[in-house]
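Observations on chain architecture
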Amino acid sequence: MMKPSTYLLGLILCLFLGNPAIASSKMLAQTDSNKVDFDYTLEATMLGYFSKDGTRNPTLKANKGKKVRITIVNGEQMTHDVSMEKLGIKSTTILDKGASTSIVFIAQSNDTYFCSIPGHRAAGMVGKFEVVEGAISNELVKGIRPTKNGKTLNLNFESGTLADWKAEGDAFANPIFDQDPSPVHDKTMKIGPEGSHFISSGGTKNYAFTGTLTSVPFKITQPFASFWVSGGALQDTRVELVLAKTKKVIFRSTGQGRATLQPVVANLKPYWQQEIFIRIIDNETGITPIPYVAHDKLAHINFDNFQFHATRPNYPNELHQKDIIVLPPLDPVLNAGLSGLKAAEAMTLPKGFNIKLAAAEPDIVRPISFTIDTKGRLWVVEGHTYPIPAPEGQGKDRILIFEDTDGNGTLDKRKVFMEGLNLVSGIEVGMGGVWLGAAPYLLFIPTDFQTDKPTGPVQKLLDGWGMHDTHEVLNSLRWGPDGWLYGNHGVFTHSNVGKPGASDQERIKINAGVWRFHPISHQFEVFAEGTSNPWGIDFNDYGHPFITVCVIPHMFHIIQGARYERQAGKHFNPYTYEDIKTIADHRHYVGNRGPHAGNFRSASAGGGHAHAGAMIYLGGNSWPKEYRNNIFMNNINGSRLNVDQLNRQGSGYNASHKKDFIVMNDAWSQWLNFKYDPSGSVFAIDWYDKNQCHSSNPDVHDKTMGRIFKITHENDQWVQVDLTKASDMDLVNYQLHANEWYVRQARTILQERGPNPQVHAALKNIIDKNPDVTRKLRALWTLHVTKGLTEKDVSQLLTNPDENVRSWAIQLVAEKKQVSADILGQFETMARTDKSALVRLYLVSALLRLDPAQRWNVLDALVQKTEDQADHNLPLMLWYAAEPLATLDVKRTIQLGLKSKMPKFLNYTIQRIAALKSDEAMASLKDLQSKLGHSHENHEVSMLLDKVLSQK
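Residues numbered from 1 in each chain as written. Predicted model: local features only at pLDDT ≥ 70, side-chain atom pairs only at ≥ 80, totals over all residues. Heavy atoms only, no water.

All right, on to the overall build of the chain then. On a plain count of helices and strands, the chain comes out with 16 helices and 50 strands. Against the 2.2 N^0.38 benchmark of 30 Å for 952 residues, the chain shows a C-alpha radius of gyration of 32 Å, consistent with a compact globule. If you line up the chain on its principal axes, its C-alpha atoms span 100 × 75 × 55 Å. Within the chain, the fraction of its 952 residues that count as buried is 61%. Within the chain, residue pairs in contact and separated by at least 24 positions form 67% of the contacts whose partners lie at least 6 positions apart. For the chain, the accessible area works out to roughly 37600 Å², and carbon and sulfur atoms hold 50% of it. (Helix = DSSP H or I, 4+ residues; strand = E, 2+ residues; numbered from the N terminus. Rg over C-alpha atoms; globule rule 2.2 N^0.38 Å. Buried < 20%, exposed > 50% of the residue type's maximum accessible area, 1.4 Å probe, protein only. Contact = heavy atoms within 4.5 Å. Areas by Shrake-Rupley, 256 points an atom, 1.4 Å probe, with all protein chains shown as cover.)

Tallied over the entire structure, the rule returns 47 salt bridges. A salt bridge links E361 to R707, with the shortest nitrogen-to-oxygen separation between them at 2.9 Å. Taken together, the positions of E361 in the loop between β24 (353–360) and β25 (367–372) and R707 in strand β50 (residues 707–713) put the pair 346 residues apart, joining distant regions of the chain. A relative accessible area of 0% places R707 in the buried class. Through salt bridges with shared partners, one network takes in D236, R238, E240, R252 and R279. (Salt bridge = Lys/Arg side-chain N within 4 Å of Asp/Glu carboxyl O.)

Here the focus is the sheet that holds strand β47 (residues 652–663). Spatially, four strands are ordered β44-β45-β46-β47 in an open sheet, and the strand pairing comes out antiparallel. Each edge of the open sheet carries a strand with a single partner, namely β44 (611–616) and β47. For this sheet, the mean angle separating the axes of adjacent strands, direction not counted, is 25 degrees. As judged from the nine bridges shared by strand β46 (residues 640–649) and β47, these two strands associate in the antiparallel manner. The residue of β47 that forms the bridge with R640 is V663. (Pairing = 2+ DSSP bridges. Axes fitted to C-alpha atoms, helices over the stretch in contact; angles between N-to-C directions.)

In this section: the sheet that holds strand β48 (residues 671–676). Across the sheet, which stays open at both edges, the four strands sit in the order β24-β50-β49-β48 with antiparallel pairing between neighbours. On the outer flanks of this sheet lie β24 and β48, each paired with one strand and no other. Averaged over all pairs of adjacent strands, the angle between strand axes in this sheet comes to 20 degrees, irrespective of strand direction. Pairing analysis gives seven bridges linking β24 to β50, with the strands arranged antiparallel. Within the sheet, the bridge partner assigned to A359 lies in β50 and is I708.

Another aspect to go through is the pairing of strand β45 (residues 630–635). Most of β45 is tucked away: six of the six residues are buried. Burial along β45 is two-sided: the residues N630, F632 and N634 and I631, M633 and N635 are all buried. As judged from the four bridges shared by β44 and β45, these two strands associate in the antiparallel manner. When the bridges of β45 are listed, A612 appears paired with N634. One ladder, built from six bridges, connects β45 with β46; its direction is antiparallel. Residue pairing for β46: M633 is matched across the bridge by N642.

Now for the packing of helix α8 (residues 803–813) against helix α9 (residues 821–833). It is the contact of α8 with α9, at a shortest axis distance of 12 Å, that shows an interaxial angle of 145 degrees. Of the two elements, α8 crosses α9, and the hand of that crossing is left-handed. Seen from α8, the contacting residues are R806, I810 and V813; seen from α9, they are I823, F827 and M830. A per-class count over the contact of α8 with α9 returns five nonpolar, no polar and one charged. (Left-handed = near helix turned anticlockwise from the far one by under 90°. Nonpolar A, V, L, I, M, F, W, Y, C, P; charged D, E, K, R; others polar.)

Within the fold, N637 resides in the loop between β45 and β46. A polar atom in the side chain of N637 sits 3.4 Å from the side chain of N599. Among the polar contacts listed, one links the side chain of N637 to the side chain of Q692, at a separation of 3.4 Å. (Polar contact = N/O pair within 3.5 Å; in protein donor to acceptor, adjacent residues only side chain to side chain.)

Moving on, we come to the nonpolar core. V434, W465, F632, F661, W671, I708 and F827 are the most contacted members of the largest nonpolar core, which totals 182 residues. Here this core gets nine residues from one element, more than from any other, and that element is helix α10 (residues 837–847). With residues near it in sequence (within four places) discarded, I708 still touches K356, L357, A358, A359, I364, L378, V380, F402, L411, F683, A684 and I685. Counting residues in each nonpolar core, the second largest holds 33 residues, with L153, F157, A171 and F303 among its members. (Core = buried A, V, L, I, M, F, W, Y, C linked by side-chain atoms within 4.5 Å.)

Looking now at the pairing of strand β22 (residues 275–282). The side chains of a regular strand alternate, residue by residue, between the two faces of the sheet. Across the eight residues of β22, six count as buried, placing the element largely inside the fold. The sheet contact formed by strand β16 (residues 211–215) and β22 spans four bridges and is antiparallel. Bridging from a neighbouring strand, G211 pairs with D282 of β22. Note that strand β17 (residues 218–219) and β22 share two bridges and pair antiparallel. Residue pairing across strands places K219 opposite E275, the latter belonging to β22. Pairing analysis gives seven bridges linking strand β19 (residues 237–243) to β22, with the strands arranged antiparallel. Within the sheet, the bridge partner assigned to R238 lies in β22 and is I281.

The contact between helix α6 (residues 773–785) and α8 brings their axes to 10 Å, and the two run at 15 degrees. Of the possible angle classes, the one that applies to α6 and α8 is roughly parallel. Crossing geometry of α6 relative to α8 is assigned as right-handed. The segment α6 lies against α8, with V773, K776, L777, L780, W781 and H784 engaging N804, V805, W808, A809 and L812. Tallied by class, the residues present in the contact of α6 with α8 amount to eight nonpolar, two polar and one charged. (Parallel < 35°, antiparallel > 145°, perpendicular 65-115°, else oblique.)

What follows concerns helix α12 (residues 874–882). Most of α12 sits out of view: nine of its nine residues are buried. Regarding α12, the residues found buried are L874, P875, L876, M877, L878, W879, Y880, A881 and A882. Where α12 is buried, its residues contact β43 (563–566), α10, α11 (856–862), α13 (890–899) and α14 (905–914).

Moving on to the environment of V239. Its location among the elements puts V239 in strand β19. Exposure remark for V239: the relative accessible area of 0% places this residue in the buried category. As for V239 and F303, which are separated by 64 residues in sequence, their C-alpha atoms are 8.2 Å apart. In contact with V239, other than residues within four places in its own chain, are F227, V229, F251, R252, S253, I278, R279, I280, I301 and F303.

Right, let's talk about the side chain of S924 for a bit. Its location among the elements puts S924 in helix α15 (residues 919–932). Classification of S924 by relative accessible area gives buried; the value is 6%. Looking at S924, its side chain comes within polar contact range of the main-chain oxygen of E920, at 2.9 Å.

Looking at the chain as a whole, the pLDDT averages 93, with 95% of positions reaching at least 70. Taken together, the stretch residues 1–33 has pLDDT below 50 and engages in 114 contacts with residues farther than four places along the chain or on a different chain. (pLDDT = per-residue confidence, 0-100.)

Of note, the bond from D180 into P181 is cis; its omega dihedral lies within 30 degrees of zero at 5 degrees. Cis geometry is adopted by the peptide bond preceding P440, which originates at A439 and carries an omega value of 15 degrees. Locating P440 in the fold gives a position in the loop between β30 (433–438) and β31 (441–448). Even without a glycine there, the phi angle at H522 is positive, about 60 degrees. Residue classification places H522 among the partly exposed residues on the basis of a relative accessible area of 28%.

Quick look at the structure:
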């Protein structure tokens, strides 16, 4: 007989959301009372809320007017709470695994319980609460045991034997257990068999066992069947119902990643009177090759109690197939711990490409960052200090210079540039020296690049860079097209950046995003904020930056002044309200159990959530055209090079997944960055280590290995160059080169050399006469960095036929955070008349750099553009630019909100004005409330006004 199902779980102190009147009503949470009529305890995880009998998001029931307590127990190390939607109450938030919290309330009407932590409800942490009449009980479900030749089959194992079954493999050599918990399961696990016996393919003790258990065939005599199953939600731990004649699988189910047996129901009507057999499969070992990833103890399957039913049975704890999130098998790990030469041989590349080991240990160890100089040489940082910064002056990092002198792909010349550095995480060269990200500093080393010797002491240009999480420090230094030095910064490191000795008021905070530093003016800015742990940035043919990140969706088009989805924490501006999301239309991991659950099972999707490096290939014409302007990133967990295609969409881009470019076939492979050289070939640095995840324990990481690889296409032609010897006019002509390496190096050299009227004239000629807009842009950027761009030039460029030229003219003229009245007037005209969403985006970015008082007219026009309502960027960028206006003129801000056609803009405006908490603000909102009334059209806005005005 089936045991009655009971719902349990415990936890939660009470806080209240919404109207205070509700909180003080009879629905008030009463955590000091032990007497309740209905007591439910649920385990909280990102997969949902689970009752003790395994039901996911169970429907909780109570009689009207009765007192209910819902307790949640944290099933994982993650923040969770429980909230009631209609009652407007929620529990305290819990973090630690095993922690609990509760809410107590009076049942009044049907409701919804959910987790209010951002994203958790959408991920599936939501269930129903029902008010019912009469007694609440769980009926027993009875079925009919199948028979064969007049004999009841042993499909519930109560015989204590494997009679009627055939076992193969070690998983089912001794699978029958009559204890609960069984000797092969963790002591805390209750299996809950139907009778005294059940079978398991190894439990949590012998999860690595594999095998198959197959029943004798028997006839389907009823339209429905059920059986009880638990164990891993894994593709290779499953129960199958198979047609005996054709071997067709007509039904299958896994467990859902829990130990307690739950019933599943199969509709067998289409196969009435045909013979089937049951096949229980465990082909999953659960063993991972990654030392810091625990083996999966739930890589087994438990089974019991197969029955037929005349009508569909209704089990209160039924395991519905829609609630099971099945993970595919572990990715095969072909290799690990290979030599550099063997590692190169093991990789899989597209046809026409080759990879060669350019350098390896002991010549290079722990390469953490690199760049390529004007001679095509590699400047590589060895990160010996990571992950723990050394005391001041005791760093062990060093910079090596590598060169291929004969073109055979091997870096045969090596020299040490500098040693004794501390926690270096990024390097760039040019503009008179070497630039290093080395928290807590941004360093500059003046250098003679002919002798490769420092010409002065190391300079601390900026300090205050945080070291809270040493794999999220400043990184990925790269020259931008505008002549600034760009870099990334992670979310769990908190920096307060300024010049040494600067006061707190003179500093700028950053804890996630993209920053830039001007090599001449030494001005520091946060270019855009948000994301997670970006470790790669590059620019496409149009100068648009992109970054790759980890954990959250992986791809972002970076816009000046934008605020992006964060992995954690809040934006510095509390009036952000909503941030801009990824441009990727895909993920590089499988399943819906979160990014980490897909690690080492996601080869089919790209390998996993963790990415390092970013290269938009612009290396010339020797590589197939299909790769140009595609962005490459290394997938660390998947040991492969992912490729996304960047497609223009509205004001920005969409990123779509392309076939992985290289598969390393080596679990220790960890490419951190890659760049193309003068020949169009690509160099990649490999922090080769069995540990793929950051750890503050230095002993977790290998300290002896590192590699540099060179990727070439069969059309690549090796060249030796030294652009420092080129004349100014030669450098101008390099702006037309097919290989962007020449373009960027030449531009940086011209920037360092300074203004030259001849150079300016030649660049303007390219802008005026070259038909290719990318060449126009290159000339424009170089004209700007060499101080040859005048306001008259900009005024003309703002009317250029090409949207990219107009856009960049806007950004460059706003660099100094102020524009003339004439330029502002042109901005206003463009806001009204320009047909390009890209231009409108650049206008908003420019407004964010100007004094708020100068923004009114441009915003007035832009917020009314109905064509931008569904744009990926513009609605939120417009809000970021408009938000400060509330402090200048409340009534005018409300009028702007009423005019706006952007979604949620008026709502945000109301919230922002309410945050002023002034009498004028509240009076203006009351006037707005009176004006709008309570029509259906304004229902959402009216509710918001009611709420903010009631809080005064």
